[in-house]
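# Observations on the three-dimensional arrangement
If you want the building blocks of each chain, they are given just below.
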Amino acid sequence: MSAQNLRADLRALAALIQPGEKVLDLGCGDGTLLRYLIDARQIVGRGVELAEPNVLTCVGKGLSVRQGNLDEGLRDYPDQSFDTVVLSQTLPYLDNPAFILCEMLRVGRRAVVSFANWGHWRCRLELLFMGRSPLAPGLPQAWHASPRARPLTVRDFIEFCAHARITIARSIYLGESDRALRAARLGENLRVAVAIFEVR
Amino acid sequence: MQNTNSVGIVERQHFTFAQDAPMRLDSGETLGPITLAYETYGALNADRSNAILICHALSGDAHAAGLTPDGKIGWWDDCIGPGKAFDTDKYFVVCSNVIGGCQGSTGPSSIDPRTGKPYALGFPVITIADIVRAQRYLIDHLGIGKLLAVAGGSMGGMQALQWTVSYPERVRAALPLATTARHSPMLIAFSEVGRQAIYADPHWRAGDYYDDGARPNTGLALARMIGHITYLSEASMHHKFGRRLEARERFGYDFGTDFAVESYLHYKGNRFTERFDANSYLYITKAMDYFDLANGNGSLAHAFEKCASLMYLVVSFTSDWLYPPYHSKEMVSALTAIGADVTYCNLQSTWGHDAFLLEVETMTRLISDFLDRVVAHHRIELR
């Protein structure tokens, strides 16, 4: 797969990975990102994934994947055994996100986290004027659908990192049309559709 | 996906070794000469790097695929053959019988060269490591320096794991399926009940029954019936038998066979006595009970410490209560901790322990995709 065909948030995330790195992808889904990173950046990749059909698809793509939830998946990895631990569009679905984020930084030299921003202005207007629970940008999942998601915003994440003494080394913000927004501007939380953070 | 391609008619082969220097066993005793029965399918490639060893379960034998000259189909024919999971167009597949067995390999029913009579209980107690040690002689004999993979379900999976621990330099990948790294107390309990059934048969005569016309078939059949219950699940028994009556319209109000499930167990038990030796059943279940990779190695992760460069495909099945998924997760944890390349899948299935033989479509996909990756990773030329 070429970089052009990759979803914009995965493409931005992939750009953070150096060639030859050892990468652990948590909640690796159908393995699209790992496969791309192996082909384009010659990384050594491992995945953890809960859903059986996804695990089979990953094995079909020639990936090394463990079926399981992230709590059990992470526990077994030795300290600092990966260059990068990736959590792509999975954060709102975790039972214990604080624990997983700390574990990611135990297992990896750094972590890369991407998520949809419920702080986007459309979400705010949806709640304010329509009185409906907003759908996160790019996540067409209603409140009653599974899996259960906990909404979070860019500001929530930044404040959490400050509180948990996690250093944000880099942030990449994608707007609604997948275009990269200039980082760290006033009102960023309003315009960001998907945020990608490199934390250490 | 299930296809009808077969490797065709296969002949069982035999390899005899340890004639001059007997093989040392874990117990401290020695055994020799030793004969192993084996079959091979497909062709060895130019640099002898495409060989896969298939290890069988408790009651299995060397006949894993194709047909015997008298038409008996191999026990894993669904997965071994042209275009199948273990694709014989690509791989040279070897299936070896275990020592202690009774289907062409040296076991308690073989003649003890010291006495000229069957070993019976004079046969030394063996372990899974001993079984694997003997297989290594066969792999040496076949001129295979390094196996592409070792694969097996249940006790076959124990051998696959043991291969990687005993001879990590001789294996590239292992596929332990529906198995454990350590026989649990529940498994030991079932083994012991099976053995007690054999001991209790008056024809067993402390194992010394070979000259007698009568065999401890009642005990062996009972052991097998217990085994068969453990290979199924409650759901699969409902599915297979329900409460159906067998050859009766209504309850007999006697102690004849009422239910289909009873009839199934009787049939399986009796058929088993036609092909299996009671003493072999004792020896092999004992070998399984002794199996604990962590024992003598401190921990499971220590046991695997030389296996970091190996690739593993571990598969468990949700309804397998004999070797429950947490057993597989334990080995996956240990393998992850040492940095091995481990793929793990806990497949949804209602078939219980037997699922590893029955979930053919999913297993075919998983195994062939995994083997493709092993081949690509090691840049193996299959021709």
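Bear in mind the structure is a predicted one, so any value in this text is a computation, not a measurement.

The rules behind each value
Note on numbering: residues in each chain are counted from 1, in written sequence order. As a convention, the first chain written is A and the first ligand written is 1, with the rest following in written order. With the structure being a predicted model, the display of local features is reserved for residues of pLDDT at least 70 and the display and counting of side-chain atom pairs for 80 or more, all residues being used for whole-chain, interface and lining totals. Working definition: helices are DSSP H or I runs of at least four residues, strands are E runs of at least two. Numbering for both runs from the N terminus. The globule rule is 2.2 Å times the number of residues to the power 0.38, and the radius of gyration it is compared with is taken over C-alpha atoms. Field definition: a residue is buried when 20 or more other C-beta atoms are found within 10 Å of its C-beta, exposed when 12 or fewer are, and partly exposed for counts in between, with C-beta atoms placed from the backbone. Residues are defined as contacting one another if the C-beta atoms placed from their backbone atoms lie within 7 Å. Should DSSP find at least two bridges between two strands, the strands are regarded as paired. Amino acids are sorted into nonpolar (Ala, Val, Leu, Ile, Met, Phe, Trp, Tyr, Cys and Pro), charged (Asp, Glu, Lys and Arg) and polar (every other residue, Gly among them). How sure the predictor is of each residue is captured by pLDDT, a score from 0 to 100. Only buried Ala, Val, Leu, Ile, Met, Phe, Trp, Tyr and Cys residues enter a nonpolar core, and they are joined through C-beta atoms within 7 Å. Under the convention used throughout, the expected extent of a helix is 1.5 Å for every residue step, that is, one less than its residue count. The arc in question is the one traced by the directions running from the helix axis out to the C-beta atoms. Look down the strands so they point away from you; if the path from the first strand over the helix to the second goes clockwise, the crossover is right-handed. Note on method: axes are straight lines fitted to C-alpha atoms, helices fitted across the in-contact stretch only, with angles between N-to-C directions ranging 0 to 180 degrees. Here is the rule for angles: anything less than 35 degrees is roughly parallel, anything more than 145 is roughly antiparallel, 65 through 115 is roughly perpendicular, and the remaining ranges are oblique. By definition, any crossing whose near helix is turned counterclockwise from its far helix by less than a right angle is left-handed, and any crossing with a clockwise turn is right-handed.

Looking now at the overall build of chain B. Looking only at helices and strands, one finds eleven helices and 14 strands in chain B. In summary, chain B has a C-alpha radius of gyration of 21 Å against a globular reference of 21 Å for 383 residues, a match within 12%. C-alpha atoms of chain B, sized along the principal axes, occupy 65 × 50 × 45 Å. In chain B, which comprises 383 residues, the share counted as buried stands at 52%. Partitioning the intrachain contacts of chain B with sequence separation of at least 6 by distance along the chain shows that 72% fall at a separation of at least 24.

Helix and strand content of chain A: eight helices and eight strands. Taking 200 residues into account, the globule formula puts the C-alpha radius of gyration at 16 Å, and chain A, at 16 Å, falls close to it. Within chain A, buried positions represent 42% of all 200 residues. Counted over contacts in chain A with a minimum sequence separation of 6, partners at least 24 positions apart contribute 60%.

Residue and element names in this part refer to chain B. A large share of strand 14 (residues 341-347) lies buried, amounting to seven of its seven residues. On strand 14, burial covers both faces: Asp341, Thr343, Cys345 and Leu347 on one face and Val342, Tyr344 and Asn346 on the other are all buried. Sheet topology note: the strand 13 (residues 311-317)/strand 14 ladder contains seven bridges and is parallel. By the bridge assignment for strand 14, Val314 is matched with Tyr344.

The next point concerns the interface of chain A and chain B. Quite often, the size of an interface is put as the accessible area lost when its parts meet. At the interface, 14 residues of chain A touch 21 residues of chain B. Contributions of two or more residues to the side of chain A that touches chain B are made by helix 3 (52-60) and strand 3 (65-67) of chain A. With five residues, the top contributor of residues to the side of chain A that touches chain B is helix 3 of chain A. Within the side of chain A that touches chain B, the residues separate by chemical class into six nonpolar, five polar and three charged.

Averaged over every residue, the pLDDT of chain B is 96; the share at 70 or more is 99%. Interface confidence for the predicted complex, expressed as ipTM, amounts to 0.93; the pTM equals 0.95.

So, on to the environment of Ala162 of chain A. If you trace the backbone, Ala162 of chain A turns up in helix 7 (residues 154-163). Judged by the 11 C-beta atoms lying within 10 Å of it, Ala162 of chain A is exposed.

Core analysis: the largest hydrophobic core is formed by 172 residues, its most contacted members being Ile52, Ile54, Val93, Leu147, Ala149, Val150 and Ala174 of chain B. Each residue touching Val150 of chain B, except ones within four places of it in the same chain, is listed here: Leu53, Cys55, Ala160, Trp163, Val171 and Ala174 of chain B.

Another aspect to go through is unusual backbone geometry. Residue Ser146 of chain A is joined to Pro147 of chain A through a cis peptide bond whose omega torsion reads -5°. Tracing the chain through its elements places Pro147 of chain A in the loop between helix 6 (121-130) and helix 7. Phi at Ala18 of chain B is positive, roughly 60°, even though this residue is not glycine. Residue placement: Ala18 of chain B occurs in the loop between strand 1 (13-17) and strand 2 (23-24). You can call Ala18 of chain B partly exposed: it has 17 C-beta atoms within 10 Å.

Right, let's talk about helix 3 (residues 185-199) of chain B for a bit. Working note: α-helix, 3.6 residues per turn, so residues spaced by three or four point in the same direction. Residues and elements named next belong to chain B. The terminal C-alpha atoms of helix 3 lie 20 Å apart, and with 15 residues this matches the ideal 21 Å at 1.5 Å per residue to within 8%. Those residues of helix 3 that sit buried are Phe190, Ser191, Gly194, Ala197 and Ile198. Angularly, the buried residues of helix 3 cover 115° about the axis, an arc narrow enough to put them on a single face. Along helix 3, exposed side chains directed more than 90 degrees from the buried face belong to Pro185 and Ala189. Buried-residue contacts for helix 3 involve helix 4 (217-231) and helix 7 (278-290).

This paragraph deals with the pairing of strand 5 (residues 108-116) of chain A. Residue and element names in this part refer to chain A. Taking burial as the measure, the nine residues of strand 5 include seven buried ones, the bulk of the element. Bridging between strand 4 (residues 82-88) and strand 5 involves six bridges; their strand directions are parallel. In the strand pairing of strand 5, Leu87 is matched with Val113. Assessed by its sense of winding, the connection that carries the chain from strand 4 through helix 5 (residues 97-107) to strand 5 is right-handed. For strand 5 and strand 8 (residues 194-199), the ladder comprises six bridges, and the chain directions are antiparallel. Note on strand 8: the bridge partner recorded for Ser114 is Ile196.

Let us now look at the packing of helix 4 of chain B against helix 6 (residues 260-275) of chain B. Residue and element names in this part refer to chain B. Axis separation between helix 4 and helix 6 bottoms out at 8 Å; the angle between their running directions is 125°. The angle between helix 4 and helix 6 falls in the class oblique. Crossing hand, helix 4 versus helix 6: right-handed. Facing helix 4, whose interface residues are Asn217, Leu220, Ala221, Leu222, Arg224, Met225 and His228, helix 6 presents Leu265, Lys268, Gly269, Asn270, Phe272 and Thr273. Residues belonging to the contact of helix 4 with helix 6 are distributed by class as follows: six nonpolar, five polar and two charged.

Our focus in this paragraph is helix 5 of chain A. All names here are of chain A. Regarding helix 5, the residues found buried are Pro97, Ile100, Leu101, Glu103, Met104 and Val107. Burial along helix 5 is one-sided: seen end-on, the buried residues are contained in an arc of 165°. In the core, the buried residues of helix 5 are packed alongside strand 1 (22-26), helix 4 (70-75), strand 4 and strand 5.

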